[in-house]
Amino acid sequence: MRVRTLGCPRRPLRTPGRAGFSLIEMSVAAVVLTVAVCGLSGSMVSTLALDRVNHETALAEAAVRGTMERIGGTTFAEAFARFNADPNDDAGGAGTAPGATFAVTGLTGDAGALPGSITFPVGTPGELREDVDDARLGMPRDLNGDGVIDAADHSGNYRVLPVRVSVTWRGVRGLRTMTVETMLCSR
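Predicted model, so just to flag it, every value in this text is computed and none were measured. (Residues numbered from 1 in each chain as written. Predicted model: local features only at pLDDT ≥ 70, side-chain atom pairs only at ≥ 80, totals over all residues. Heavy atoms only, no water.)

Enquirer: How should I be thinking about the nonpolar core in this particular structure?
Expert: In this structure, Ile 71, Ile 118, Phe 120, Leu 161, Val 163, Val 165 and Val 167 are the most contacted members of the largest nonpolar core, which totals 25 residues. Sorting the residues of this core by element identifies helix H1 (23-73), helix H2 (76-83) and strand E3 (160-171) as the ones contributing at least two each. Looking at this core element by element, the count peaks at 6 residues for E3. Among all residues touching Val 165, those that are not within four sequence positions of it are Val 64, Thr 67, Met 68, Ile 71, Phe 102, Ser 117, Ile 118, Met 178, Thr 179 and Val 180. (Core = buried A, V, L, I, M, F, W, Y, C linked by side-chain atoms within 4.5 Å. Buried < 20%, exposed > 50% of the residue type's maximum accessible area, 1.4 Å probe, protein only. Helix = DSSP H or I, 4+ residues; strand = E, 2+ residues; numbered from the N terminus. Contact = heavy atoms within 4.5 Å.)

Enquirer: Which parts of the structure should I look at to understand the pairing of strand E2 (residues 116-119)?
Expert: Regular strands show a simple pattern: their side chains alternate between the two faces of the sheet. Where burial is concerned, the two faces of E2 differ: the one with Gly 116 and Ile 118 is buried and the one with Ser 117 and Thr 119 is not. Two elements, E2 and E3, share 4 bridges in a ladder whose sense is antiparallel. Considered in E3, the bridge of Thr 119 is made with Arg 164. (Pairing = 2+ DSSP bridges.)

Enquirer: Looking at this model, I keep getting lost on the sheet that holds strand E1 (residues 101-102). Mind explaining?
Expert: Strand pairs in the sheet, formed through backbone hydrogen bonds, run parallel or antiparallel to each other. Pairing is antiparallel across the open sheet formed by 4 strands, whose spatial order is E1-E2-E3-E4. The open sheet has two edge strands, E1 and strand E4 (174-185), and neither has a second partner. Bridge count for E1 against E2 is 2 bridges, and the pairing is antiparallel. Bridging from a neighbouring strand, Thr 101 pairs with Ser 117 of E2. Of the strands in this sheet, E1, E2, E3 and E4 are in contact with H1, which crosses E3 at around 155°. Strand contacts of H2: E2, E3 and E4, with the helix running at about 35° to E3, the strand carrying the most contacts. (Axes fitted to C-alpha atoms, helices over the stretch in contact; angles between N-to-C directions.)

Enquirer: In this structure, what is going on with the packing of aromatic side chains? I would like to understand it.
Expert: Given two aromatic rings, one states the distance between the centres and the angle between the planes to describe the pair. Considering all chains together, one arrives at 3 aromatic pairs under this definition. Taking 5.1 Å as the distance between ring centres and 70° as the angle between the ring planes, the aromatic pair formed by Phe 80 and Phe 120 counts as edge-to-face. Taken as a pair, Phe 80 in helix H2 and Phe 120 in the loop between E2 and E3 lie far apart in primary sequence, 40 residues in all. On the basis of an interplanar angle of 70° and a centroid distance of 6.5 Å, the ring pair of Phe 80 and Tyr 158 is categorised as edge-to-face. Linking Phe 80 in helix H2 with Tyr 158 in the loop between E2 and E3, this pair joins segments that are 78 residues apart in sequence. Considered together, Phe 80 and Tyr 158 belong to a single accessibility category, that of buried residues. Feature note: the residues Phe 76, Phe 80, Phe 120 and Tyr 158 constitute an aromatic cluster, connected by ring pairs. (Phe/Tyr/Trp six-rings, centres within 6.5 Å; stacked < 30°, edge-to-face > 60°.)

Fair warning: the whole summary comes from geometry, so function is off the table for now.
Written as structure tokens, this is what we have:
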């Protein structure tokens, strides 16, 4: 006895000529996959570069902060002589003070120079001046408190000391600079 199924004709499981994916479907899938992989790898590279930029910025910020603390940690009367660019006014003899440049571990300055620098409103080296035009340092300004802004050297009688600490380095994103300007005051 044969059992007959009503209403459900038998169909073959595979249609001849339709087995698997077509060449066009495979090509589209490969293109979509390639675009996805390229996008993912591009974002990974950007993330790594951003991580390096953040690391460089943190090193520069720590160096600027540490240098400001070193300047503030010296006696106020000696701060200019110890951290200016003139080695001839160093208290312990020429070249014995830290000076106006400093290294920053992990950062390279532009063209081989040290990345860190300290600047004051000076005319000629070793000469602290009130008449220097530097708006970011608040200059010109009466530095000795006599009520007059003049062109004299005030390296021995200043009561306020404008200072700029900068770190300039060649990093992942090219030449970068971090600068802090402040005014130190005698107590």
